[in-house]
Amino acid sequence: MTIEAAPAADSLKRVAAARAVEEIEDGMVVGLGSGSTATLALEMLAERVAQGLRIVGIPTSETIAAVARRLGVPLTDFERNRRIDVTIDGADQVARGTLDLIKGLGGALLREKIVASASKRMIVVVDETKMVNRLGGKTPLPVEIASFGWQTTLHRLTEAGYAPRLRYDGDRPFATDGGNHIADCVVADIADPAALEARLRATVGVVDCGLFVGLATEIVVGHTAGAEVIKRRVG
Ligand code: A5P
């Protein structure tokens, strides 16, 4: 067997994805995250499904739903299943200690947050470069805004000091699966993610933001030496 050399970050993502997929058991409803690391986990899950594992998945984006269909992973929806046993999803930043997250560079943050919020467990799979002491700065904070009046919402976010930039897909504003747009904001050092999330969500025209506070129950970090599992402290 030939093993092709993979870029370093990609192999660390694989390490994390493989460890997370071990948590999936027969009969589970599984939240299927979006992004490159969650896609690797889905591919590994599909291999287990092909070997007889019986699960159903709830996808967080049309893109990941298409991958699941192509790989033969059965899908369900919230009409048939209100609760998800385990969601496996990626993140752009993970705060050591609190396990709060920034997500949404892939543009699926709203569905990802809905799925995470309906999950008993949210396992976040990342390579070690995503771990930070405090959220902010390193990557933009994606904020999903309604397409109607996006110009005025962007102005409101500018006035509030978040230096938003409307995300583009070619020469058109990027459209999420829900038909909204994304404003990538610059927030240097987020001292209180819950307070910032509340302020952003209270802004007229904002649908949601990429701060995931108190949702991740476990982080699986891919290192060259193997997978590290960090669990949320209870109580
Ligand atoms: C998708 O909207 C995002 O939240 C992704 O989960 C996040 O950007 C991580 O993606 P990668 O695994 O590709 O880095």
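Analysis parameters
Residues numbered from 1 in each chain as written. Predicted model: local features only at pLDDT ≥ 70, side-chain atom pairs only at ≥ 80, totals over all residues. Heavy atoms only, no water. pLDDT = per-residue confidence, 0-100. Contact = heavy atoms within 4.5 Å. Near = heavy atom within 4 Å. Polar contact = N/O pair within 3.5 Å; in protein donor to acceptor, adjacent residues only side chain to side chain. Areas by Shrake-Rupley, 256 points an atom, 1.4 Å probe, with all protein chains shown as cover. 1 Å grid on protein atoms, 1.4 Å probe; cavity = no way out; pocket = protein on both sides within 12 Å on 5 of 7 lines; lining within 4 Å. Sits in = over half its atoms within 2 Å of the grid points. Nonpolar A, V, L, I, M, F, W, Y, C, P; charged D, E, K, R; others polar. Buried < 20%, exposed > 50% of the residue type's maximum accessible area, 1.4 Å probe, protein only. Helix = DSSP H or I, 4+ residues; strand = E, 2+ residues; numbered from the N terminus. Arc of directions from axis to C-beta. Phe/Tyr/Trp six-rings, centres within 6.5 Å; stacked < 30°, edge-to-face > 60°. Lys NZ or Arg CZ within 6 Å of the ring centre and 35° of its normal. Salt bridge = Lys/Arg side-chain N within 4 Å of Asp/Glu carboxyl O.

Moving on: the confidence of the model for the protein chain. Mean pLDDT for the protein chain: 96, with 97% of residues reaching 70 or above. Every residue in residues 1-5 scores below 50 in pLDDT, and together they form 0 contacts with partners more than four places removed in sequence or on other chains.

On to the site of the ligand, then. With respect to spatial proximity, 16 residues lie near the ligand, and among them Ser 36, Thr 37, Asp 92, Lys 103 and Glu 112 are the closest. One of the side-chain N or O atoms of Asp 89 is found 3.5 Å from an oxygen atom in the ligand. Contact between the ligand and Lys 103: an oxygen atom at 2.8 Å from a side-chain N or O atom of the residue. Within the complex, 91% of the 380 Å² of free accessible area of the ligand lies under protein. Of all the cavities here, the one that holds the ligand is the largest pocket. Counted by class, the shell around the ligand contains 3 nonpolar, 8 polar and 5 charged residues.

Right, let's get into helix H3 (residues 62-71). Residues Ile 64, Ala 65, Val 67 and Ala 68 constitute the buried set of H3. With its buried residues spanning 160° around the axis, H3 presents them on a single face. Across from the buried face of H3, at angles greater than 90 degrees, the exposed residues are Thr 63, Arg 69 and Arg 70. Looking at the buried positions of H3, the neighbouring elements they touch are strand S1 (29-32), helix H2 (36-50) and strand S2 (56-59). Gly 72 sits one or two positions beyond H3 and adopts a positive phi of about 80°.

All told, the structure shown has 0 aromatic pairs when counted by the stated rule. Note that Lys 103 overlies the ring of Phe 212, its terminal NZ or CZ placed 5.7 Å from the centroid. In this structure, Arg 167 is placed above the aromatic ring of Phe 174, and the distance from its NZ or CZ to the ring centre is 5.6 Å.

Glancing now at the pattern of salt bridges. A side chain with one charge can pair with a side chain of the opposite charge if their charged atoms come near. Applying the stated criterion to the full structure yields 18 salt bridges. Salt-bridge contacts for Lys 103 lead to Glu 112; the nearest nitrogen and oxygen are separated by 3.2 Å. Residue classification places Glu 112 among the buried positions, given a relative accessible area of 4%. One salt bridge connects Arg 134 with Asp 189, and the closest N-O pair in it is separated by 3.3 Å. Residue Arg 134 is found in the loop between strand S7 (131-132) and strand S8 (141-145), and its partner Asp 189 is found in the loop between strand S12 (181-185) and helix H6 (193-201); the two are separated by 55 residues along the sequence. For Arg 134, a relative accessible area of 45% translates into the label partly exposed. Assessed through its relative accessible area of 47%, Asp 189 is described here as partly exposed.

Another point: the environment of Glu 22. Note on placement: Glu 22 falls in the loop between helix H1 (8-21) and S1. With 148 residues separating them along the chain, Glu 22 and Gly 170 place their C-alpha atoms 39 Å apart.

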